[in-house]
Amino acid sequence: MTKDELQFEIASEERFITKQQAKMDRMRSQNSGVRSGDISTSLAMFEISISNAEDRIAEHKKKIRELENES
């Protein structure tokens, strides 16, 4: 991948994280107090997807640094 492609991927992952966080916030506000296991499971899945996206961003940034060091 080129540096531009990696930067595009980073921006896409950041948008994904923003959307996931918004979904989590909506779910939390609509289901305050004692919530069902389904809601807790969904929130956990959102957190996992955000964590995975953050890991992908870190990997893309690492690849960009490697590309810059090669130049």
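Up top you'll find the structure we're talking about.
These notes cover the structure that comes with them. All figures in this text were calculated on a predicted structure; none of them were measured in a lab. (Residues numbered from 1 in each chain as written. Predicted model: local features only at pLDDT ≥ 70, side-chain atom pairs only at ≥ 80, totals over all residues. Heavy atoms only, no water.)

1. A short note on the pattern of salt bridges
Counted by the stated rule, this structure contains four salt bridges. Two residues, Glu 13 and Arg 56, come together in a salt bridge whose shortest N-O distance is 2.7 Å. Pair noted here: Glu 13 is in helix 1 (residues 3-30) and Arg 56 is in helix 2 (residues 37-70), with a separation of 43 residues, a long-range link. Overall, Glu 13 belongs to the buried group, its relative accessible area being 10%. Judged by its relative accessible area of 35%, Arg 56 is partly exposed. For Glu 47, the salt bridge goes to Arg 28, with nearest N and O atoms at 3.3 Å. Residue Glu 47 is located in helix 2, and its partner Arg 28 is located in helix 1; the two are separated by 19 residues in the primary sequence. (Salt bridge = Lys/Arg side-chain N within 4 Å of Asp/Glu carboxyl O. Helix = DSSP H or I, 4+ residues; strand = E, 2+ residues; numbered from the N terminus. Buried < 20%, exposed > 50% of the residue type's maximum accessible area, 1.4 Å probe, protein only.)

2. Details of helix 2
When the terminal C-alpha atoms of helix 2 are compared, their 50 Å separation across 34 residues agrees well with the 50 Å that a helix rising 1.5 Å per residue should span. When helix 2 is considered as a whole, its buried residues turn out to be Ile 39, Leu 43, Phe 46, Ser 49, Ile 50, Ala 53, Ile 57, His 60 and Ile 64. For helix 2, the elements touching its buried residues are helix 1. (Expected span 1.5 Å × (residues − 1). Contact = heavy atoms within 4.5 Å.)

3. A look at the nonpolar core
Counting twelve residues, the largest nonpolar core is built from Leu 6, Ile 10, Ile 17, Met 24, Met 27, Ile 39, Leu 43, Phe 46, Ile 50, Ala 53, Ile 57 and Ile 64. Only helix 1 and helix 2 provide two or more residues apiece to this core. Leaving out residues up to four positions away in the same chain, Met 24 has contacts with Leu 43, Phe 46, Glu 47 and Ile 50. (Core = buried A, V, L, I, M, F, W, Y, C linked by side-chain atoms within 4.5 Å.)

4. Some remarks on a positive patch on the surface
Together, Arg 15, Lys 19, Lys 23 and Arg 26 make up a region of like positive charge exposed at the surface. By secondary structure assignment, the location of Arg 15 is in helix 1. The class for Arg 15 is partly exposed, based on a relative accessible area of 46%. (Patch = residues over 30% accessible without salt bridge, like charges linked within 9 Å, V, L, I, M, F, W, Y side chains within 5 Å. Areas by Shrake-Rupley, 256 points an atom, 1.4 Å probe, with all protein chains shown as cover. Lys, Arg positive; Asp, Glu negative; His and termini not counted. Charge placed at Lys NZ, Arg CZ, Asp CG, Glu CD.)

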